[in-house]
Amino acid sequence: MSVIGLVFYLTLGGNVLAQWGLIPSGKKGGAFSASVLLAFIAASAAASLAHGLAFRYLLSPWGLESLAPILFSALLFGAFAAIKAIGTALGRPSRPLHDETLFQPTLVLYAVALSIGSRFSSTGLLLLGGAAAALGYIAATGFLEAIMERLELERVPEPFRGVPLRFLSAALMALAFAGVDAGFFSRLSL
Amino acid sequence: MVIDNGRVSAGPLASLAGLAPLLVFSNSLSQGVALGVAFFLAYSAAGAMALLLPARLGRSLVFMFSILGAAVVSSLTASALRLFDPFLFEAAYDRVFLSVFTLPVLRACVIPATVSDRERAIERLLWGIGYSFLIAVTGAAREFLATGAVSTRFGTERGSLLPIFAQPAGAFMLIALAAAAFTVVIKAVRGSES
Amino acid sequence: MDVSEKTRDTWILAGAMALIVAASGFASSYASGQAARQLAKMTSEALGPSPRGEATWTTMREGSVLGRVDRRGEPAAYLVVARYADGEFRAAASVDGDGSILELKPLGDSGDAYSKRLAALFSGAVRRGSRADASTLDASLKALVTDTFEALAILERGRTEADDGDR
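Residues numbered from 1 in each chain as written. Chains lettered and ligands numbered in written order. Predicted model: local features only at pLDDT ≥ 70, side-chain atom pairs only at ≥ 80, totals over all residues.

**Observations regarding the overall build of chain C**
In terms of regular secondary structure, chain C is built from three helices and five strands. Going residue by residue from the N terminus, the α and β elements of chain C occur as α-β-β-β-β-β-α-α. The buried share of chain C, reckoned over its 167 residues, is 35%. Looking at chain C alone, contacts between residues at least 24 apart form 42% of all its contacts between residues at least 6 apart. (Helix = DSSP H or I, 4+ residues; strand = E, 2+ residues; numbered from the N terminus. Buried ≥ 20, exposed ≤ 12 C-beta atoms within 10 Å, placed from the backbone. Contact = placed C-beta atoms within 7 Å.)

Here it is as structure tokens:
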């Protein structure tokens, strides 16, 4: 699979929001800055690389695959301690790990690491796949929030407003992504 | 749970979004049961550690040890699943591992802030059982809708009824319909009470 | 707050956690061994028992190839688990040293249209001369079959080259 094909696939057919059900909560927290989004993409690439290589070359040969969540926890705590140390050195306080706003990004990072790690084995593809999957997730989240914002103006039946409508919109997005994947991508070797 | 301007905006429905990664993958009874059990064990381990570890360790350390506890339990669950059915393990291990980082489990890792929160441990345990049951029932319902039958073994012969319900889009639709029905029922109950 | 007490508690907990993680490692290793035995037996039996009866399993997880069974004096056997939207197709494949597929036997039948079609496509690809009938599902499944065959050829060629290098 070429680089363009990989990015295309992970943004549409293999999008983690649609395939893994990582529905954002939709709490209005303001738009994220470009630096935050870039940091998220970089973290996703790093998580995919570290977890993918450790799973394939450290755990699998010894039959220790079941230790993967412990390994990811250790990686997460290590990365968090490093960020905290850098923040302290620069005099900028960082958020605690148990801050609820960090829960969804942590979930997405692990889902991306698992998804990409099981698909690729080379360093380059793990890095690129992790970044492309994060980019796809950010794009899909943007689409979903835009759809939800637009639907606020429509006369949607009362029981469907809120959570049900969010899931219905996600369902239609997943169908559209799968349709593009099956009808276009699988016939085209990009 | 809060009913805000006619909408059920928090509590069980909000938790559905947190459970969605497991509900989306649960497309058969066997996978639903495996994920339901994995989730319940991770959730219980996280909740128990957050409740029982000494508060003097501080919120961050208790949170970290609770996540590690849930990860260890998830690891043991995955090993048991591998012994039981290697194919089911290969198909489901990533979601079993992911259950540790789902929002309900991460929330359970946070040390209860007040004494009244601590006293609600049984209530949280019951919610955990409810969530696990929901994951298993979703698997059975989706398998039935997709194939017209429910099988207790993974990967056995089955027919075809509405295959879309085996896919993520079908899971989202089913969750949306269930959530809407739940909202109607809750509103009706509240209406009859007042 | 007593800092030394907190430090002591932290170390005790960390030690206990390390012991539990080690126990989980043993459990994982044991489960992996048992699963390997089960998968090796299943793959070998599907392709006909080896005269010498010995079969060792290697987990690979390369695309649709789950693992390889090495049977003494026999071509290598691979276990293929091809996943699609709502199910999976399992087969045991016997592969020659040059990467060509000698034999492919489906393991079980999940009964759905995708599984049946994958069985036809895989069998058709092994018997290169015979042309399988066409289906509307083929467009979305052919890439899976091609990728699996490519992966099998690359893995087996890599293994034989590594074996030759060792000699």
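**Considering the overall build of chain B**
Along the backbone of chain B there are eight helices and two strands. Taken across its 194 residues, chain B has 56% of its residues classed as buried.

**Notes on the pairing of strand 1 (residues 55-62) of chain C**
All names here are of chain C. The pairing of strand 1 with strand 2 (residues 65-71) spans six bridges and is antiparallel. Looking at strand 2, one finds that E62 is bridged to V65. The turn linking strand 1 back onto strand 2 is made up of two residues, and G63 within it adopts a positive phi angle of 60°. (Pairing = 2+ DSSP bridges.)

**Remarks on the interface of chain B and chain C**
Tallying the contact residues gives 27 residues for chain B and 29 residues for chain C. Among the secondary structure elements, those contributing two or more residues to the side of chain B that touches chain C are helix 3 (59-84) and helix 4 (86-98) of chain B. Top element by residues in the side of chain B that touches chain C is helix 3 of chain B. It accounts for nine residues.

**A look at the environment of I23(A)**
Residue position: I23(A) is located in the loop between helix 2 (16-20) and helix 3 (34-59). Given 26 C-beta atoms within a 10 Å radius, I23(A) is considered buried. For the pair I23(A) and L38(A), spaced 15 residues apart in the sequence, the C-alpha separation amounts to 20 Å. Among residues more than four places away in sequence, those in contact with I23(A) are R166(A), F167(A), A170(A), A17(B) and A20(B).

**Description of the sheet that holds strand 1 of chain C**
Residues and elements named next belong to chain C. As summarised here, the arrangement of the five strands in space is 1-2-3-4-5, forming an open sheet in which the pairing is antiparallel. Each having just a single partner strand, strand 1 and strand 5 (101-106) make up the two edges of the open sheet. Strand-to-strand twist across the sheet, computed as the mean angle between neighbouring axes with direction ignored, equals 20°. (Axes fitted to C-alpha atoms, helices over the stretch in contact; angles between N-to-C directions.)

**Notes on the interface of chain B and chain A**
Taken together, the contacts link 46 residues of chain B with 39 residues of chain A. Of all the secondary-structure elements, those providing two or more residues to the side of chain B that touches chain A are strand 2 (7-8), helix 1 (12-25), helix 3, helix 4, helix 5 (103-108) and helix 8 (168-193) of chain B. Of the residues forming the side of chain B that touches chain A, the biggest block, 12 residues, is contributed by helix 3 of chain B.

**A closer look at helix 2 (residues 113-126) of chain C**
Residues and elements named next belong to chain C. When the terminal C-alpha atoms of helix 2 are compared, their 20 Å separation across 14 residues agrees well with the 20 Å that a helix rising 1.5 Å per residue should span. Within the span of helix 2, buried status applies to Y114, S115, R117, L118, L121 and F122. All buried residues of helix 2 fall inside an arc of 165° around its axis, so they share one side. (Expected span 1.5 Å × (residues − 1). Arc of directions from axis to C-beta.)

**Side note on unusual backbone geometry**
Outside of glycine, negative phi angles account for most residues, and trans bonds account for most peptide bonds. You will see that R61(C), though not glycine, has its phi angle at about 50°, which is positive. Inspection of the secondary structure assignment puts R61(C) in strand 1.

**Points about the confidence of the model for chain B**
Residue and element names in this part refer to chain B. Taken as a whole, chain B shows an average pLDDT of 87; of its residues, 90% reach a score of 70 or greater. Mean pLDDT values for the elements of chain B range from 40 in strand 1 (residues 3-4) up to 96 in helix 3. Here residues 1-9 is a poorly scored stretch, pLDDT under 50, and it has 18 contacts once near neighbours within four places are set aside; other chains count. (pLDDT = per-residue confidence, 0-100.)

**Overview of the environment of L98(B)**
Among the secondary structure elements, L98(B) is positioned in helix 4. In the structure, L98(B) is positioned 67 residues away from F165(B) in sequence and 22 Å away in space, judged by C-alpha atoms. When sequence neighbours within four positions are dropped, the list of residues in contact with L98(B) reads Y110(A), A111(A), L114(A) and P21(B).

**Notes on helix 6 (residues 123-151) of chain A**
Its 29 residues place the ends of helix 6 of chain A 42 Å apart at the C-alpha level, agreeing with the 42 Å of an ideal helix rising 1.5 Å per residue. Of the positions making up helix 6 of chain A, those classed as buried are L126(A), L128(A), G129(A), G130(A), A131(A), A132(A), A133(A), A134(A), G136(A), Y137(A) and A140(A).

**Observations regarding the packing of helix 3 of chain B against helix 4 of chain B**
Residue and element names in this part refer to chain B. Relative to each other, helix 3 and helix 4 sit at 165°, their axes nearing to 8 Å. In terms of axis orientation, helix 3 runs roughly antiparallel to helix 4. For the pair helix 3 and helix 4, the crossing hand works out as right-handed. In contact with S74, T77, A78, L81 and R82 of helix 3, helix 4 contributes P86, L88, F89, A92, Y93, V96 and F97. (Parallel < 35°, antiparallel > 145°, perpendicular 65-115°, else oblique. Left-handed = near helix turned anticlockwise from the far one by under 90°.)

**With respect to the nonpolar core**
Membership of the largest hydrophobic core comes to 159 residues, with the highest contact counts inside it found for A42(B) and F172(B). With sequence-adjacent residues up to four places away left out, F172(B) is seen in contact with F167(A), L168(A), A170(A), A171(A) and A174(A). (Core = buried A, V, L, I, M, F, W, Y, C linked by C-beta atoms within 7 Å.)

**So, the pairing of strand 4 (residues 87-95) of chain C**
Residue and element names in this part refer to chain C. The element strand 4 is extensively covered by neighbouring structure, given that eight of its nine residues are classed as buried. When strand 3 (residues 76-84) meets strand 4, the two strands line up antiparallel, connected through nine bridges. Bridged to A82 within strand 4 is F89. Where strand 4 lies against strand 5, five bridges are found, and the strand directions are antiparallel. Bridge assignment links S94 to a residue of strand 5, and that residue is E103. Hairpin connection between strand 4 and strand 5: a loop of five residues separates the two successive antiparallel strands, and G99 in this loop has a positive phi of roughly 95°.

**Regarding the packing of helix 1 (residues 3-11) of chain A against helix 6 of chain A**
Residue and element names in this part refer to chain A. It is the contact of helix 1 with helix 6, at a shortest axis distance of 8 Å, that shows an interaxial angle of 40°. In terms of orientation, helix 1 and helix 6 fall into the oblique class. By crossing handedness, the relation of helix 1 to helix 6 is classed as right-handed. Contacts between helix 1 and helix 6 involve V3, L6, V7, L10 and T11 on the former and, on the latter, L128, G129, A132, A133, L135, G136 and A139. Its residues assigned to classes, the contact of helix 1 with helix 6 shows nine nonpolar, three polar and no charged. (Nonpolar A, V, L, I, M, F, W, Y, C, P; charged D, E, K, R; others polar.)

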